Amino acid sequence: MTVKVENSLEYLEQVMEETQQYQDLGVMASYIPELLKADPKAFSLCYADVNGSIVSVGSTDQTFTLQSVSKVITFGMAIQTHGKEQVFKYVGTENGGMPFDDIRNISEKVVNPMVNAGAIAVAGLLHEHYGSRVSGLIAEEVKKLAGVDQVCHDMDVYYSELATATKNKAIAHYLYHMGLLPGQVEEVLETYILQCALLGDTQLLAKIGATLANGGVRADGVRVWSRDTVEVVVAVMANCGMYDHSGDYMARVGIPSKSGVSGCLMGVAPGKGGVSSYAPNLNEFGNSLRGTLALESLSKKMGLNIFIP
Ligand code: GLU
């Protein structure tokens, strides 16, 4: 089935309307107190095709922190800098079926780079490689993947998470104990929390998704990541990007995706485009409740499911 881009605005509008009934279901993440300031009814949905056409509906100017969507970017960066075999010594590709912030995701290595422990291990690799330039370079990578001139951090969210990150602190110290963090535990944790505080909107995420959907080449023809990197990153998104809901999500939606606890979602439909949503209320797995339903419906309407020819 080919993607009906010409009708896509209509589809996005339909999806926004049909999922409005779910806007009060779910709860916002409260363990990062600053996230509770979001408007629970905010919603936006965006689709960017691999050729650079982009359509969006809802509160499209609404910004949010990327949170765990940033794990996709840092995982890809680590593969680019270290090579996948080296990265796979620290993080695997299996879905452990455990919550995203569970310390049991760590054994000889971390189950995958999409859970907190895996992303902190990846932040350790990047921190060791780039030193104090690391956070600036992560932001640069976001800009390059999306083809935008500017991104910034929400420092209120950063400090809010830093002050309450007891679980992630425990995870980081345990990673160090297991030989999966090079040292400088506090600095690595700050790097990780700062990457989670990167600010964006659904257009930014859909554009990044489109670059990945195009094998690492932006709509303007610039190659940002190698095909090999994209292949691994998108596969891990498919298997692990929606945490311990990834299997059910893939069976329903069929789009490799990554969620962020702020309520954002980024999906990659290879060869077709990138899709994204924002709705801050979350389901029990920590994924956007309305966003998940919106992508399920949009996937069907636009033929984005990777399992359906
Ligand atoms: N900053 C969040 C954390 O580390 C990210 C989690 C998420 O977005 O799912 O807990």
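Before reading further, recall that the structure is shown in the block above.
This structure is a prediction, so every number in the text was calculated from the model and none was measured.

A. Just the pattern of salt bridges, in detail. The tally for this structure, following the rule as stated, stands at 10 salt bridges. Residue Lys167 pairs with Asp101 through a salt bridge whose shortest N-O separation is 3.1 Å. Here Lys167, found in helix α7 (residues 166-177), pairs with Asp101, found in the loop between α3 (84-87) and α4 (116-130); they are 66 residues apart in sequence, far enough to count as distant. Overall, the relative accessible area of 17% leaves Asp101 in the buried class. Note that Arg104 is salt-bridged to Asp102, the shortest N-O span being 2.7 Å. Asp102 sits in the buried class, given a relative accessible area of 12%.

B. Structural context of the state of the cysteines. Per the stated rule, a full pass over the model turns up zero disulfides. Left unpaired, Cys152 is separated from the closest cysteine sulfur, that of Cys264, by 15 Å. For the unlinked cysteine Cys196, the closest cysteine sulfur is that of Cys264, found at 10 Å. Residue classification places Cys196 among the buried positions, given a relative accessible area of 1%.

C. View of the packing of aromatic side chains. The tally for this structure, following the rule as stated, stands at four aromatic pairs. Note on Phe64 and Tyr278: the rings are 4.5 Å apart at their centroids and 15 degrees apart in plane angle, and the pair reads as stacked. Here the residue Phe64 occupies a position in strand β3 (residues 64-65), and Tyr278 occupies one in strand β7 (residues 273-278), the gap between them amounting to 214 residues. Relative accessible area serves as the criterion here: at 3%, Phe64 is assigned to the buried category. Residue Tyr278 is classed as buried on the basis of its relative accessible area of 3%. Connected via pairs of aromatic rings, a cluster forms that spans Tyr31, Phe100 and Tyr243. Sitting over the face of the ring of Tyr243, Lys258 holds its NZ or CZ atom 4.0 Å from the ring centroid. Sitting above the plane of the Phe43 ring, Arg290 keeps its charged end 3.7 Å from the centroid.

D. Spotlight on the site of the ligand. What surrounds the ligand is the set Tyr31, Gln67, Ser68, Phe100, Asn116, Glu161, Asn168, Tyr192, Cys196, Tyr243, Gly260 and Val261. Take Gln67: an N or O atom from its side chain is 2.6 Å from a nitrogen atom of the ligand. In isolation the ligand offers 290 Å² of accessible surface; the protein chains occlude 100% of this area. Looking at side-chain class alone, the shell around the ligand contains six nonpolar, five polar and one charged residues.

E. Highlighting the pairing of strand β1 (residues 44-49). With six of six residues buried, β1 is to be regarded as a mostly interior element. Of the two faces of β1, the one lined by Ser44, Cys46 and Ala48 and the one lined by Leu45, Tyr47 and Asp49 are each fully buried. Sheet analysis places β1 next to strand β2 (residues 54-58), joined by five bridges and oriented antiparallel. In the strand pairing of β2, Leu45 is matched with Val57. Counted along the chain from β1 to the antiparallel partner β2, the turn is four residues long, and its residue Gly52 has a positive phi close to 100 degrees. Sheet topology places β1 next to β7; six bridges connect them, and they run antiparallel. Bridge pairing in β7 places Ala48 opposite Gly274.

Criteria and cut-off values
- Residues numbered from 1 in each chain as written.
- Predicted model: local features only at pLDDT ≥ 70, side-chain atom pairs only at ≥ 80, totals over all residues.
- Heavy atoms only, no water.
- Salt bridge = Lys/Arg side-chain N within 4 Å of Asp/Glu carboxyl O.
- Helix = DSSP H or I, 4+ residues; strand = E, 2+ residues; numbered from the N terminus.
- Buried < 20%, exposed > 50% of the residue type's maximum accessible area, 1.4 Å probe, protein only.
- Disulfide = S-S within 2.5 Å.
- Phe/Tyr/Trp six-rings, centres within 6.5 Å; stacked < 30°, edge-to-face > 60°.
- Lys NZ or Arg CZ within 6 Å of the ring centre and 35° of its normal.
- Near = heavy atom within 4 Å.
- Polar contact = N/O pair within 3.5 Å; in protein donor to acceptor, adjacent residues only side chain to side chain.
- Areas by Shrake-Rupley, 256 points an atom, 1.4 Å probe, with all protein chains shown as cover.
- Nonpolar A, V, L, I, M, F, W, Y, C, P; charged D, E, K, R; others polar.
- Pairing = 2+ DSSP bridges.

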